[in-house]
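Here are the chains, one letter per residue:
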Amino acid sequence: MVQNVDPTENFNAIANGIEMKELEADGSVTPQMYGQLLAIYLYQHDLCNAKYLWNRIPSQCKVEYPELNHIWSVGKAMWLRDYPGVYSALNSQPWSDNVAEIIKAVQQEVKKQATQLVCRAYTSVSLTTAAALMGTTPDAVAQLRDWRVEGNMVTPPKPLPSPPIVTSSEEQLGKLTDFVSFLEN
């Protein structure tokens, strides 16, 4: 029987395990583990932790495992919000089995976020711009469901409004009480 495992939970477990090994500071974190952790941070869009990890990875590990530099090139492009650069870095080389699954998830997550961003930011955009931002071809953008194409321009669908956050009066009163007591102390 095949079980559906949420990759986020699996990635979180891997990241927690590597972070614990790193905290033990016994030198047992391998360059491959650093690569996995860096890729997981990128998947989680936790760019601050990715940058701090990059800074604390020993130089020797970066030399021994050049794939770390390639993973970080994805992170740098994400930091700059350079979506075409992200896709270029993701597709620049074949990834080792160590990080291939994580990188594939990063690519899917970036594509999903970019698509949502295009839908929220544009009422009308050129096919080439939309394709560059979404990491696909203009023909693929034209084939997307609910996207209207008019000449060289495309109209993305309006995103669904997020549901309002409903909290009970008791929760609100509790939060207010905690806040006031914090200010008084």
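Look up a bit, the structure's there.
Residues numbered from 1 in each chain as written. Predicted model: local features only at pLDDT ≥ 70, side-chain atom pairs only at ≥ 80, totals over all residues. Heavy atoms only, no water.

Q: Kindly report on helix 3 (residues 47-56), identifying the contributing residues and their values.
A: Taken together, the buried positions of helix 3 are L47, A50, L53 and W54. Down the axis of helix 3, the buried set is contained in an arc of 120°. They therefore lie on one face. For helix 3, the exposed residues lying more than 90 degrees away from the buried face are Y52 and N55. (Buried < 20%, exposed > 50% of the residue type's maximum accessible area, 1.4 Å probe, protein only. Helix = DSSP H or I, 4+ residues; strand = E, 2+ residues; numbered from the N terminus. Arc of directions from axis to C-beta.)

Q: Give a detailed account of the side chain of Q93, specifying residues and quantitative values.
A: Relative to the assigned elements, Q93 resides in the loop between helix 6 (83-90) and helix 7 (100-121). A polar contact of 3.0 Å, which involves the side chain of Q93, links it to the side chain of H70. Apart from residues lying up to four places away in sequence, Q93 is in contact with E67 and H70. (Polar contact = N/O pair within 3.5 Å; in protein donor to acceptor, adjacent residues only side chain to side chain. Contact = heavy atoms within 4.5 Å.)

Q: Run through the nonpolar core, naming residues and quoting values.
A: Membership of the largest hydrophobic core comes to 50 residues, with the highest contact counts inside it found for L38, L42, L68, V74 and V141. Among the elements that line this core, the one with the most residues is helix 2 (residues 31-43), at 9 residues. Those residues in contact with L42 that sit more than four places away from it in its chain are L47, A50, I71, V74, G75, M78 and V106. (Core = buried A, V, L, I, M, F, W, Y, C linked by side-chain atoms within 4.5 Å.)

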